[in-house]
Amino acid sequence: MDLFVTFIGTAASVPTATRSTAATLIARGGDRWLVDCGEGTQRQLLRSGLGLVDVDVVLLTHLHGDHLLGLPGLLKTYGLRERDRPLALIGPPGLAGLLERLGVVVGRTPYPIWIEETGPGVVLETAGARMEAFHTDHSVPSLGYALVEDPRPGAFDLAAARALRIPEGPLYGRLQRGEAVALPDAREVRPEEVLGPQRPGRTVVLSGDTRPCAGTEAAAAGATLLVHEATFLEDESQRAVETRHSTAREAAELAARAGVELLALTHLSSRTLPREARRQAEEAFPDVIVPRDFDQVELPFPERGGPVVHRGGEGGVGRGPRVAASGDPGSLSSDDL
Ligand SMILES: [Zn+2]
Ligand SMILES: [Zn+2]
C-alpha cells in the first residue's frame, strides 16, 4: 500500500517567498489526511501538482494562526465544488469554539463537518493503521500525531506450501490473510506453517510545534519518518525555550534517541537557513532532510527499501505527481469565487 508524505507548507509563523506556513499531507492507500492547514494551503495544494485534494480529515496540532488560517478558504472552496463527503476536523480543546467563530466567514457548507476535540490516544482508524495523538510541549494546548500501521503477516513461503501439498488458488490467499484452512484431504494447515515472521508496518510521526519532549520521543521510537519542527538554529536556543519551540539540533538529538529512520525538519523561521539547519542537525543525527515546500517522502514497506525523497517544485511534485489526488481536482473559474 502506497504511503506518501507531502510537505505543503514548511515555514514557521509567517510565509516567505518560497515557504508557506504549516501543512503536511499524508496519503496512504485511498486515505488523504492533512495535518495543519496554514494560510494558503488550498493554493499550495494546487501548486504542488496534486490538485485540490479532497482530504478526508484535517488534524490540527494546535490553534495558532500559522497552522489553521488556511481552513476557512479550504472549507469554503470545498463547498463551492459541491463536495458532499463529510470532512472531519480533529484537534485540541478549543477547536469547536474556533470553528463556530469561523462559521461567519465560511457560511453554510453543503457537506457535513465533524468536529472532534481530542487528547492523547487513537483518533482515527483505517484499514491496517491508526492515527494516534500525543501530548507535546508548546505555549498553548498542543498535540503531535503518529500514523501507526499494524504489523503485517509474514511473506508467503511458496516452497513450504508446495511441500504441504496445498492446492494453489484461493487457499493461498486465505492463509496469507492469517486464516487456518482445511485441505481437500481433511488436513488442516495453520497460517504460521506457510508464512514467514510478521513484518513491521510503517510509522510516521509529526511533532507539530513543541519543545523536544517525552511524548514525541515515545511516539517516534523506531519510526520510519519523524517530521519535527526546527524553528530555530543554535544561536537562538534560548528563544526556542522561551517560545516553546525546538532548534534543529534538538530535533536531531531527539531523533537519535528515538532511533528513527529519517528525520525531516520543518517549521523553519524566516531567519533560519535550511542548509545551516541541516548541518547543525547532522552533528547529532545523520539521516536528516530539510524539505522545501512540495517535496515528498515516499515510504515503501521496509522490506522494499528505505524512504525515498522526491524533490517537488513549481508545477508538480517531482515533476509529475507520484500520488494522485482523490476525487476530481475541480474546475472553478474566477467567476465562482
Ligand atoms: Zn507554528
Ligand atoms: Zn505554535
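Residues numbered from 1 in each chain as written. Chains lettered and ligands numbered in written order. Predicted model: local features only at pLDDT ≥ 70, side-chain atom pairs only at ≥ 80, totals over all residues. Heavy atoms only, no water.

Undergrad: Requested: an account of the coordination of the zinc ion (ligand 1), with residues and values cited.
TA: In this structure, Asp 66 (OD), His 67 (NE2), Asp 209 (OD) and His 267 (NE2) serve as the protein donors to the zinc ion (ligand 1), at separations of 2.1 to 2.2 Å. Viewed at the metal, the 4 donor atoms of the zinc ion (ligand 1) are separated by angles of 90 to 165 degrees, and the geometry they form is irregular. As a motif over one chain, the donors of the zinc ion (ligand 1) read D-H-x141-D-x57-H. Separating the zinc ion (ligand 1) from the zinc ion (ligand 2) is a gap of 3.5 Å, which Asp 209 spans by donating to each of them. Residue Asp 66 is located in the loop between strand E4 (57-59) and helix H2 (71-80), and its partner Asp 209 is located in the loop between strand E12 (203-206) and helix H6 (214-219); the two are separated by 143 residues in the primary sequence. Judged by relative accessible area, which is 12%, Asp 66 ranks as buried. (Donors = N, O, S within 2.8 Å, 3.2 Å for Na, K, Ca; no water. Tetrahedral: all angles 85-135°; square planar, octahedral: opposite > 155°, others 65-115°. Helix = DSSP H or I, 4+ residues; strand = E, 2+ residues; numbered from the N terminus. Buried < 20%, exposed > 50% of the residue type's maximum accessible area, 1.4 Å probe, protein only.)

Undergrad: Please provide a residue-by-residue account of the pairing of strand E2 (residues 23-28), values included.
TA: Of all 6 residues that make up E2, 6 are buried, and the element is covered over most of its length. Alternating residues of E2 divide into Ala 23, Leu 25 and Ala 27 and Thr 24, Ile 26 and Arg 28, and every residue in both groups is buried. Note: E2 against strand E3 (residues 31-35), 5 bridges, orientation antiparallel. From the neighbouring strand, Leu 25 faces E3, where its bridge partner is Leu 34. Counted along the chain from E2 to the antiparallel partner E3, the turn is 2 residues long, and its residue Gly 29 has a positive phi close to 55 degrees. (Pairing = 2+ DSSP bridges.)

Undergrad: Before we move on, can you summarise the coordination of the zinc ion (ligand 2) with the specific residues and values?
TA: Distances from the zinc ion (ligand 2) to its protein donors, His 62 (NE2), His 64 (ND1), His 138 (NE2) and Asp 209 (OD), fall at 2.2 to 2.4 Å. Seen from the zinc ion (ligand 2), its 4 donor atoms lie at angles of 89 to 167 degrees, and the figure they make is irregular. Along the chain, the residues donating to the zinc ion (ligand 2) fall in the pattern H-x1-H-x73-H-x70-D.

Undergrad: I'd love a proper account of the sheet that holds E3, names of residues and values included.
TA: Backbone-to-backbone hydrogen bonds join strands into a sheet, with any given pair of strands oriented parallel or antiparallel. The strand order across the open sheet built from 8 strands is E6-E5-E4-E3-E2-E1-E16-E17, with neighbouring strands paired in mixed fashion. Each of the sheet's edge strands pairs with one partner strand only, and the pair in question is strand E6 (113-117) and strand E17 (308-310). Mean inter-strand twist for the sheet, computed between neighbouring axes without regard to direction, equals 20 degrees. The pairing of E4 with strand E5 (residues 87-91) spans 3 bridges and is classified as parallel. Directly across from Val 57, in E5, lies its bridge partner Ala 88. Packing of H2 onto the sheet brings it into contact with E3, E4, E5 and E6, and relative to E5 it is tilted by some 165 degrees. (Axes fitted to C-alpha atoms, helices over the stretch in contact; angles between N-to-C directions. Contact = heavy atoms within 4.5 Å.)

Undergrad: Could you give an account of the packing of aromatic side chains, naming the residues involved and the relevant values?
TA: Applying the stated rule across the entire model yields 2 aromatic pairs. Each ring, one from Tyr 78 and one from Tyr 111, has its centre 6.3 Å from the other, and the planes form 80 degrees; the classification is edge-to-face. Here Tyr 111 lies in the loop between helix H3 (95-106) and E6 and Tyr 78 lies in helix H2, a separation of 33 residues in the sequence. Tyr 78 sits in the buried class, given a relative accessible area of 0%. By relative accessible area, Tyr 111 is classed as buried at 2%. Positioned over the ring face of Tyr 111 is Arg 83, at 5.5 Å from the centre of the ring. The ring of Phe 301 has Arg 152 sitting right over it, with the charged end atom 3.7 Å from the ring centre. (Phe/Tyr/Trp six-rings, centres within 6.5 Å; stacked < 30°, edge-to-face > 60°. Lys NZ or Arg CZ within 6 Å of the ring centre and 35° of its normal.)

Undergrad: Give a detailed account of the packing of helix H8 (residues 248-258) against helix H9 (residues 274-282), specifying residues and quantitative values.
TA: Viewed as axis vectors pointing N to C, H8 and H9 meet at an angle of 40 degrees, and their least axial separation amounts to 8 Å. Overall, the two elements H8 and H9 adopt an arrangement that is oblique. Viewed along their axes, H8 and H9 form a crossing whose handedness is right-handed. Contact with H8, carried on its side by Ala 248, Arg 249 and Ala 252, involves Ala 277, Gln 280 and Ala 281 of H9 and no other residues of that element. Among the residues making up the contact of H8 with H9, the classes are represented as 4 nonpolar, 1 polar and 1 charged. (Parallel < 35°, antiparallel > 145°, perpendicular 65-115°, else oblique. Left-handed = near helix turned anticlockwise from the far one by under 90°. Nonpolar A, V, L, I, M, F, W, Y, C, P; charged D, E, K, R; others polar.)

Undergrad: Residue-level account of the sheet that holds strand E9 (residues 143-149), with values.
TA: Read from one edge to the other, the open sheet built from 7 strands follows the order E7-E8-E9-E12-E13-E14-E15, with strand pairing classed as mixed. Each edge of the sheet is formed by a strand with only one pairing partner; in this case those strands are strand E7 (121-126) and strand E15 (288-289). In this sheet, E9 lies alongside strand E8 (residues 129-135) in antiparallel orientation, the contact comprising 7 bridges. For Ala 133, the partnering residue across the bridge sits in E9 and is Tyr 145.

Keep in mind these numbers describe shape, not what the thing actually does.
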